[in-house]
Amino acid sequence: MNSKITGFLIAGLGAAAFGLNPFFALPLYQNGYAPSTVLFFRFIFAALMLAVYIKCRKGELLPKRKEIPVLLGSGLLMACSSYSLFEGYLYMDSGIVSTILFIYPVAVAVIMTAFFKEKLTFKIAVSIILSIAGVVVLSRSESKLPFSYFGLLLAILSGLFYAFYIVAVRVTSLRDMPAEKISFHTILLSALFFLFLAIKSGKFQLLSTPFEWGCVLGLGLFPSVIALAFTAEAIKKIGATNAAIFGALEPVVAVLCGVICFGEKLTVNIISGVILVITGVILVILRSPTEKTSV
């Protein structure tokens, strides 16, 4: 198998792994765990796994003093994005929430246009229209859970916070740090944030069954460490654009998980909304180099 085919395969598996968030999170919700507790266990296990991975590769783990402020910022943005996403699962079907989250590449393009002098091209304008149309269509779908405007807000916020995280990696001193180091500290800081939040709200619970341990280990491994490692490796083999296109598998996998595992309805509106959002995102990803401005 040549390097390019391997890269496509790895990119697809990485995107699919990220789409497994609902598969592991929703059973824990059904067992009475709050999103803050679920996210603490997800990120603490992911941080431990990533620390082992970095040490095995003899990478740099401890931050320098000047790196601490930007790492704190990246951790806060990731925590806000994850919390909004996992809270959103309580209000709307997981597939719809995951699809709306996927507007983040469009949001990145808009932020870079508004604040960092990238040009508003025809493709970006069409992408925005398609993404908004997709969200509107999804909002009119019949689903297992009734449509919630608060759930919609949470899903949009999750995408926006993740978009700001990506922009921060591009325009701050984070871009000079190794990817594994950024990921480790972002994940670890997120874990500490959710531990504080769970204890302060009185919703912290210890895991009590092997099934629950399996769910949090799955959350830490698949949509966290494997998704991160596979995507990074895919970028090396096939480039960032091709790897990003395969990210379209994320909401598709989330929708299928919801339908197959949790009895969520697969309606024409859901299918149409997913297609509109993914099409809008792919248009942004496929911009030519002349349409992008490095910062």
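## Description of the overall build of the chain
Turning to step 1, where the next piece is worked out: In terms of helices and strands, the chain carries 13 helices and zero strands.
Turning to step 2, where the next piece is worked out: Overall, the chain shows an N-to-C arrangement of helices and strands of α-α-α-α-α-α-α-α-α-α-α-α-α.
Turning to step 3, where the next piece is worked out: At 18 Å, the chain has a C-alpha radius of gyration in line with the 19 Å of a compact globule built from 295 residues.
Turning to step 4, where the next piece is worked out: Dimensions along the principal axes, computed over C-alpha positions, put the chain at roughly 55 × 50 × 45 Å.
Turning to step 5, where the next piece is worked out: Of all 295 residues assigned to the chain, the portion counted as buried reaches 49%.
Turning to step 6, where the next piece is worked out: Taking as baseline every contact in the chain between residues at least 6 positions apart, the subset at least 24 positions apart corresponds to 88%.
Turning to step 7, where the next piece is worked out: Measuring between centres, the 23 positive side-chain charges of the chain sit 7 Å from its 13 negative side-chain charges.

## Details of helix 13 (residues 268-285)
Structurally, the α-helix is built with 3.6 residues per turn, so residues lying three or four positions apart point the same way.
Turning to step 1, where the next piece is worked out: For helix 13, with 18 residues, the first-to-last C-alpha span of 26 Å sits near the 26 Å given by 1.5 Å per residue.
Turning to step 2, where the next piece is worked out: Of all the positions in helix 13, only Ile270, Gly273, Val274, Val277, Ile278, Gly280, Val281, Val284 and Ile285 are classed as buried. The buried residues of helix 13 occupy one face: seen down the axis, they fall within an arc of 160°.

## Re the side chain of Thr99
Turning to step 1, where the next piece is worked out: Assignment of secondary structure puts Thr99 in helix 5 (residues 94-101).
Turning to step 2, where the next piece is worked out: Those residues within four positions of Thr99 in sequence are excluded, and the remaining contacts are Leu138, Pro251, Val255, Gly273, Val274 and Val277.

## Thoughts on empty space enclosed by the protein
Turning to step 1, where the next piece is worked out: Taken as a whole and judged by the stated rule, the model has two cavities of 30 Å³ or more.
Turning to step 2, where the next piece is worked out: Each pocket or cavity is described by its volume, and for the largest cavity that value is around 80 Å³.
Turning to step 3, where the next piece is worked out: In terms of lining residues, the largest cavity is bounded by Phe18, Gly19, Asn21, Pro22, Leu85, Tyr89, Ser98, Leu101, Phe102, Glu250, Pro251 and Ala254.
Turning to step 4, where the next piece is worked out: If you list the elements that add at least two residues to the lining of the largest cavity, you get helix 2 (21-30), helix 5 and helix 12 (249-262).
Turning to step 5, where the next piece is worked out: Ranked by the residues each element gives to the lining of the largest cavity, the list is headed by helix 12, at three residues.

## Some remarks on the packing of aromatic side chains
Pairs of aromatic rings are described using the distance from one ring centre to the other and the angle between the two planes.
Turning to step 1, where the next piece is worked out: Under the defined criterion, the tally for this structure stands at 15 aromatic pairs.
Turning to step 2, where the next piece is worked out: Look at Phe102 and Tyr104: their rings are 5.8 Å apart centre to centre, the planes differ by 85°, and that puts the pair in the edge-to-face class.
Turning to step 3, where the next piece is worked out: Overall, Phe102 belongs to the buried group, its relative accessible area being 2%.
Turning to step 4, where the next piece is worked out: Judged by centre distance (5.2 Å) and plane angle (75°), the rings of Phe193 and Phe194 are edge-to-face.
Turning to step 5, where the next piece is worked out: Phe194 gets classed as buried once you look at its relative accessible area, which sits at 0%.

## Let's talk about the pattern of salt bridges
Turning to step 1, where the next piece is worked out: Evaluated as defined, the whole model comprises one salt bridge.
Turning to step 2, where the next piece is worked out: The closest approach of N and O atoms between Glu67 and Lys181, which form a salt bridge, is 2.7 Å. You can see Glu67 sitting in the loop between helix 3 (35-56) and helix 4 (68-88) and its partner Lys181 sitting in helix 9 (residues 179-200), a full 114 residues away along the chain. Each member of the pair, Glu67 together with Lys181, is buried.

## Points about the environment of Val167
Turning to step 1, where the next piece is worked out: For Val167, the position within the fold is in helix 8 (residues 149-171).
Turning to step 2, where the next piece is worked out: For the pair Val167 and Ile111, spaced 56 residues apart in the sequence, the C-alpha separation amounts to 7.9 Å.
Turning to step 3, where the next piece is worked out: Not counting chain neighbours up to four residues away, the residues in contact with Val167 comprise Val108, Ile111, Met112 and Phe116.

## What to know about the confidence of the model for the chain
Detailed reading of the predicted coordinates is not advisable wherever pLDDT falls low.
Turning to step 1, where the next piece is worked out: Residue-level pLDDT values for the chain average 85, and 94% of them are 70 or greater.
Turning to step 2, where the next piece is worked out: Element-level mean pLDDT values for the chain span from 67 in helix 11 (residues 240-245) up to 93 in helix 4.

## Comments concerning the packing of helix 5 against helix 8
Each pair of packed helices gets described by two things: the angle between the helix axes and the distance between those axes.
Turning to step 1, where the next piece is worked out: Interaxial distance between helix 5 and helix 8 falls to 8 Å at its minimum, and their mutual angle equals 40°. Here helix 5 lies oblique to helix 8, going by the angle between them. In this structure, the crossing between helix 5 and helix 8 has a hand that is right-handed. Taken together, the residues of helix 8 that come into contact with helix 5 (itself represented by Val97, Ile100 and Leu101) are Leu152, Ala155, Ile156, Ser158 and Gly159.
Turning to step 2, where the next piece is worked out: Broken down by class, the residue content of the contact of helix 5 with helix 8 amounts to six nonpolar, two polar and no charged.

## Some details on the nonpolar core
Turning to step 1, where the next piece is worked out: Counting 70 residues, the largest nonpolar core has Val38, Phe86 and Ile100 as its most contacted members.
Turning to step 2, where the next piece is worked out: The leading source of residues in this core is helix 3, at 11 residues.
Turning to step 3, where the next piece is worked out: If we skip the residues at most four places from it in the chain, Phe86 touches Asn21, Ala25, Tyr29, Pro35, Val38, Leu39, Arg42 and Leu219.
Turning to step 4, where the next piece is worked out: With five residues, the next largest nonpolar core counts Ile10, Ala11, Ala234 and Ile238 among its residues.

The rules behind the values
- Residues numbered from 1 in each chain as written.
- Predicted model: local features only at pLDDT ≥ 70, side-chain atom pairs only at ≥ 80, totals over all residues.
- Heavy atoms only, no water.
- Helix = DSSP H or I, 4+ residues; strand = E, 2+ residues; numbered from the N terminus.
- Rg over C-alpha atoms; globule rule 2.2 N^0.38 Å.
- Buried < 20%, exposed > 50% of the residue type's maximum accessible area, 1.4 Å probe, protein only.
- Contact = heavy atoms within 4.5 Å.
- Lys, Arg positive; Asp, Glu negative; His and termini not counted.
- Charge placed at Lys NZ, Arg CZ, Asp CG, Glu CD.
- Expected span 1.5 Å × (residues − 1).
- Arc of directions from axis to C-beta.
- 1 Å grid on protein atoms, 1.4 Å probe; cavity = no way out; pocket = protein on both sides within 12 Å on 5 of 7 lines; lining within 4 Å.
- Points joined across faces, edges and corners; volume = space filled by probe spheres on them.
- Phe/Tyr/Trp six-rings, centres within 6.5 Å; stacked < 30°, edge-to-face > 60°.
- Salt bridge = Lys/Arg side-chain N within 4 Å of Asp/Glu carboxyl O.
- pLDDT = per-residue confidence, 0-100.
- Axes fitted to C-alpha atoms, helices over the stretch in contact; angles between N-to-C directions.
- Parallel < 35°, antiparallel > 145°, perpendicular 65-115°, else oblique.
- Left-handed = near helix turned anticlockwise from the far one by under 90°.
- Nonpolar A, V, L, I, M, F, W, Y, C, P; charged D, E, K, R; others polar.
- Core = buried A, V, L, I, M, F, W, Y, C linked by side-chain atoms within 4.5 Å.

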